[in-house]
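Close look at the chain arrangement
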Amino acid sequence: LFDVLAYVAYSKAPVPREERAGHARVYINSTFDAKQRAFLDFVLQHYVSVGVEELEQELYDRFGQLPKPVEHLLYLVRVKLLATRAGCASVQREGDEMVVRLFEGLQVPRDALHGLTGVQPGRTVIRIDARGNPNRWQPRVEQVLQRLVG
């Protein structure tokens, strides 16, 4: 999981889930007690086998409502992975907007974003209204990125 955090925070190149989990296990085995290792091993096994969305559901099924920081982390991981697959150079907040910038040479497929409210596509940048409750605009950010992926 620590490699996932580094990927989200520093935009490091994607590493296969199994390799990422292997790196985390080295740290986990040298740092945590047996009970903590058992929980973290469960999380890593599910992450390797099924990915972020399924891991989130499995955590919820086993432990109930997830703490807000965990939900936020899983959201960031989903956005980062979608942005990478969509060819986005960055996704960041600028004032009251989330701004999605595509890599140089790519253009926004305006037809793919048709009908989305609060979304303003430009040639290489997409601006998403991020005012108000995050529960309203965060799903829209994911929807935009999913449409870019195709």
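Residues numbered from 1 in each chain as written. Predicted model: local features only at pLDDT ≥ 70, side-chain atom pairs only at ≥ 80, totals over all residues. Heavy atoms only, no water.

Concerning the overall build of the protein chain
From N to C terminus, the protein chain includes 6 helices and 4 strands. Along the chain direction, N to C, the helices and strands of the protein chain fall in the order α-α-α-α-α-β-β-β-β-α. Burial status across the protein chain gives 33% buried among its 150 residues. Counting only carbon and sulfur atoms, one obtains 52% of the accessible surface of the protein chain, whose full area is about 9,300 Å². (Helix = DSSP H or I, 4+ residues; strand = E, 2+ residues; numbered from the N terminus. Buried < 20%, exposed > 50% of the residue type's maximum accessible area, 1.4 Å probe, protein only. Areas by Shrake-Rupley, 256 points an atom, 1.4 Å probe, with all protein chains shown as cover.)

Notes on helix 4 (residues 52-63)
Because an α-helix completes one turn every 3.6 residues, residues spaced three or four positions apart along the sequence face the same direction. For helix 4, built from 12 residues, the straight-helix expectation of 16 Å at 1.5 Å per residue is met to within 8% by its first-to-last C-alpha distance of 16 Å. For helix 4, the full list of buried residues reads Val 52, Leu 55 and Leu 59. Taken around the axis of helix 4, the buried residues stretch over an arc of 55 degrees, which confines them to a single face. In the segment just after helix 4, Gly 64 is the residue with positive phi, at about 80 degrees. (Expected span 1.5 Å × (residues − 1). Arc of directions from axis to C-beta.)

A few points about the pattern of salt bridges
Pairs can form between side chains of opposite charge whenever their charged atoms are close. Scanning all chains against the criterion turns up 6 salt bridges. For Glu 142, the salt bridge is made with Arg 78, and the minimal N-O distance between the two is 2.8 Å. Here Glu 142, found in helix 6 (residues 134-149), pairs with Arg 78, found in helix 5 (residues 68-86); they are 64 residues apart in sequence, far enough to count as distant. Relative accessible area serves as the criterion here: at 13%, Arg 78 is assigned to the buried category. Bridged by salt links that share partners, the residues Glu 94, Glu 97, Arg 101 and Arg 127 form one connected network. (Salt bridge = Lys/Arg side-chain N within 4 Å of Asp/Glu carboxyl O.)

Quick look at the nonpolar core
Ranked by internal contacts, the top residues of the largest apolar core, which has 21 residues, are Cys 88, Ile 126, Ile 128, Val 141, Val 144, Leu 145 and Leu 148. Sorting the residues of this core by element identifies helix 5, strand 2 (97-102), strand 4 (125-129) and helix 6 as the ones contributing at least two each. Apart from the residues within four sequence positions on either side, Ile 128 is in contact with Asp 96, Glu 97, Met 98, Val 100, Gly 118, Val 119, Arg 140, Val 141 and Val 144. (Core = buried A, V, L, I, M, F, W, Y, C linked by side-chain atoms within 4.5 Å. Contact = heavy atoms within 4.5 Å.)

Considering the sheet that holds strand 1 (residues 88-94)
Pairing within the open sheet is antiparallel, and its 4 strands lie in the order 1-2-4-3. Single-partner strands in this sheet number two, and they are strand 1 and strand 3 (119-121). Sheet twist, expressed as the mean angle between neighbouring strand axes with direction ignored, is 15 degrees. Alignment of strand 1 against strand 2, held across 6 bridges, turns out to be antiparallel. Directly across from Cys 88, in strand 2, lies its bridge partner Leu 102. Lying on the sheet, helix 6 is in contact with strand 1, strand 2, strand 3 and strand 4; it crosses strand 4 at an angle near 155 degrees. (Pairing = 2+ DSSP bridges. Axes fitted to C-alpha atoms, helices over the stretch in contact; angles between N-to-C directions.)

Section: the packing of helix 4 against helix 5
As a packed pair, helix 4 and helix 5 sit with axes 10 Å apart at the nearest point and diverge in direction by 165 degrees. One way to sum up the angle between helix 4 and helix 5 is to call them roughly antiparallel. Helix-helix and strand crossings are classified by hand; for helix 4 and helix 5 the assignment is left-handed. Each of Val 52, Glu 53 and Glu 56 in helix 4 lies in contact with helix 5, whose residues at this interface are Leu 74, Val 77, Arg 78 and Leu 81. Residue composition of the contact of helix 4 with helix 5, grouped by class: 4 nonpolar, no polar and 3 charged. (Parallel < 35°, antiparallel > 145°, perpendicular 65-115°, else oblique. Left-handed = near helix turned anticlockwise from the far one by under 90°. Nonpolar A, V, L, I, M, F, W, Y, C, P; charged D, E, K, R; others polar.)

Observations concerning the confidence of the model for the protein chain
Put simply, the protein chain has an average pLDDT of 82, and 81% of its residues get 70 or more. When the elements of the protein chain are averaged for pLDDT, helix 1 (residues 2-10) gives the smallest value, 54, and strand 4 the largest, 97. (pLDDT = per-residue confidence, 0-100.)

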